[in-house]
Amino acid sequence: MVRTALAASLLAIGGCAVAGANEQTPAAPESVAVAPEDDAAADAQSNAGYDAAMAAADERQRVFDDPAESVVLKGGLVQGGLAFGETLPGAKVTLDGEPVMVNDGRFIIGFGRDHGPSALLVVTHVDGSVVRRALDIGDRDFPVDRIDGLDQSKVSGFTEEQLKKIGEDKEKKTAARRTTDAAPYWANGFSWPVTGRISGIFGSQRILNGEAKTPHSGVDVAAPAGTPIKAPAAGIVRLAEGDMYFEGGLVFIDHGQWLESAFLHMSRIDVKPGDKVEAGQVIGAVGATGRATGPHMHWSLKWMGTLVDPALVAGDMPQAGGAGN
Ligand SMILES: [Zn+2]
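Residues numbered from 1 in each chain as written. Predicted model: local features only at pLDDT ≥ 70, side-chain atom pairs only at ≥ 80, totals over all residues.

Trainee: Account for the overall build of the protein, with residues named and values stated.
Mentor: Each helix and strand in the protein was counted, giving 4 helices and 22 strands. Split into buried and exposed, the 325 residues of the protein put 40% on the buried side. Taking all contacts inside the protein whose residues are at least 6 apart in sequence as the whole, residues at least 24 apart take part in 67%. (Helix = DSSP H or I, 4+ residues; strand = E, 2+ residues; numbered from the N terminus. Buried ≥ 20, exposed ≤ 12 C-beta atoms within 10 Å, placed from the backbone. Contact = placed C-beta atoms within 7 Å.)

Here's what the structure looks like:
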């Protein structure tokens, strides 16, 4: 079973790397890697494509010493990408030497916006055998984003009182991030919490009222205030605060194994810490609270403290008013 799954996964690694990417992302060679697996009629004509896809996948995903083919990876081996893994129960996994949480063989690995061109995945099985994979991490270009007209008190020159509030908010966020659930709530994939025009992309270099700030931590979708925000995947609510200094109405959902969604600027919050939410469940509504120029949904995704790009896991934006989610 694992063997069959691996063949599919190699393709998946290539095919999903740019899913949901914006036009800012150059078309990557791996985007050809889509296999029409069960379509017999298409077989003959697709052989060349299939071979090219396998070659491309092999090139990106050099497998050293994995005779048992015991590791499956699906997702984006790219800056800001997240890959979902499956291996044999009981295995231990490290990424670049850091231990990764594994539950019954399932695990996540992620790559930050500024990740270098390679990463080392090591899987140690219960029988002592070790699988090492050198992963090629794709490079992305991130645009510069200028936003003017923000309330200057939300950008710099904070008063004592504002700094105190910012500090208290930070403590609440840190406390909410002390724990994670071992269950892989992420396993059924992700859908867009709100559909609409993407008004801000992950990783763009932000210049707010003329001041260079940290890169944009998530993806923004423009939507009218009051639009329901749906959980992109199941999980446990870890934080639900209506009035954070920068974030405004803020909710954290723990999708398990240190993968967390954050929703910012909410006008209404319908959940509380400890609640279990299902994929698609309404957790609150779009607003413009905190540091925002107008109503939109901001969605951030963090794995083990590293920000990754939600658009890569959510995929193509459904048509407005479509049957998405
Ligand atoms: Zn944003």
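Trainee: Can you explain unusual backbone geometry? Please cite residues and give values.
Mentor: For N209, which is not glycine, the phi torsion reads 45 degrees and is therefore positive. Inspection of the secondary structure assignment puts N209 in the loop between β11 (205-208) and β12 (211-212). Taking the number of C-beta atoms within 10 Å as the measure of exposure, N209 has 15 and is therefore partly exposed. One non-glycine residue, W258, lies in positive phi territory at about 65 degrees. Structurally, the position occupied by W258 is in the loop between β16 (248-254) and β17 (259-266).

Trainee: Describe the pairing of strand β6 (residues 106-110), with residues and values.
Mentor: For β6, the tally of buried residues reaches 5 of 5 residues, placing the bulk of the element in the interior. Going residue by residue along β6, you find R106, I108 and G110 tucked away on one face and F107 and I109 tucked away on the opposite face as well. Two strands pair when backbone bridges link them, and strand β3 (residues 82-86) and β6 are joined in this way by 5 bridges, in the antiparallel orientation. Counterpart to L82 in the pairing with β6 is G110. (Pairing = 2+ DSSP bridges.)

Trainee: Describe the environment of W258, naming the residues involved and giving the relevant values.
Mentor: The class for W258 is buried, based on 20 C-beta atoms found within 10 Å. Linking W258 and M101, residues 157 residues apart in sequence, is a C-alpha distance of 8.0 Å. Each residue touching W258, except ones within four places of it in the same chain, is listed here: M101, T180, W303 and M304.

Trainee: Tell me about the environment of G81, and please be specific about residues and values.
Mentor: One can find G81 in the loop between β2 (72-75) and β3. Taking C-alpha positions, G81 is 5.5 Å from F111, a pair spaced 30 residues apart along the chain.

Trainee: Give a detailed account of the environment of G287, specifying residues and quantitative values.
Mentor: Along the chain, G287 falls in the loop between β20 (282-285) and β21 (296-303). With 26 C-beta atoms packed within 10 Å, G287 lands in the buried category. Ignoring sequence-local partners within four residues, the contact set of G287 consists of A225, G248, G249, H265, M266, S267 and P295.

Trainee: Please give an account of the sheet that holds β11 that cites residues and values.
Mentor: Taken together, the 3 strands give an open sheet; going across it, the order is β9-β11-β12, and neighbouring strands pair in mixed fashion. Each edge of the sheet is formed by a strand with only one pairing partner; in this case those strands are β9 (144-147) and β12. Both β11 and β12 contribute to a ladder of 2 bridges, which runs antiparallel. The residue of β12 that forms the bridge with I207 is A212.

Trainee: I'd like a rundown of the nonpolar core, residues and numbers included.
Mentor: Proteins that are soluble and globular tend to have nonpolar side chains buried together. Within the largest apolar cluster, 66 residues are counted, with the highest numbers of intra-cluster contacts made by I108, I229, L250, V251, F263 and M297. Composition of this core by domain shows at least three residues from each of domain 1 (2-136) and domain 2 (144-314). In contact with I229, other than residues within four places in its own chain, are P193, V194, F263, M266, V282, I283, G284, A285, V286 and M297. (Core = buried A, V, L, I, M, F, W, Y, C linked by C-beta atoms within 7 Å. Domains from an automatic or database assignment.)

Trainee: Break down the pairing of β3 for me, with residues and values.
Mentor: Most of β3 sits out of view: 5 of its 5 residues are buried. Burial along β3 is two-sided: the residues L82, F84 and E86 and A83 and G85 are all buried. Examined bridge by bridge, β2 and β3 share 4 bridges and lie antiparallel to one another. From the neighbouring strand, L73 faces β3, where its bridge partner is G85. Counting the residues that bridge the hairpin from β2 to β3 gives 6 residues, and of these G80 lies at a positive phi of roughly 80 degrees.

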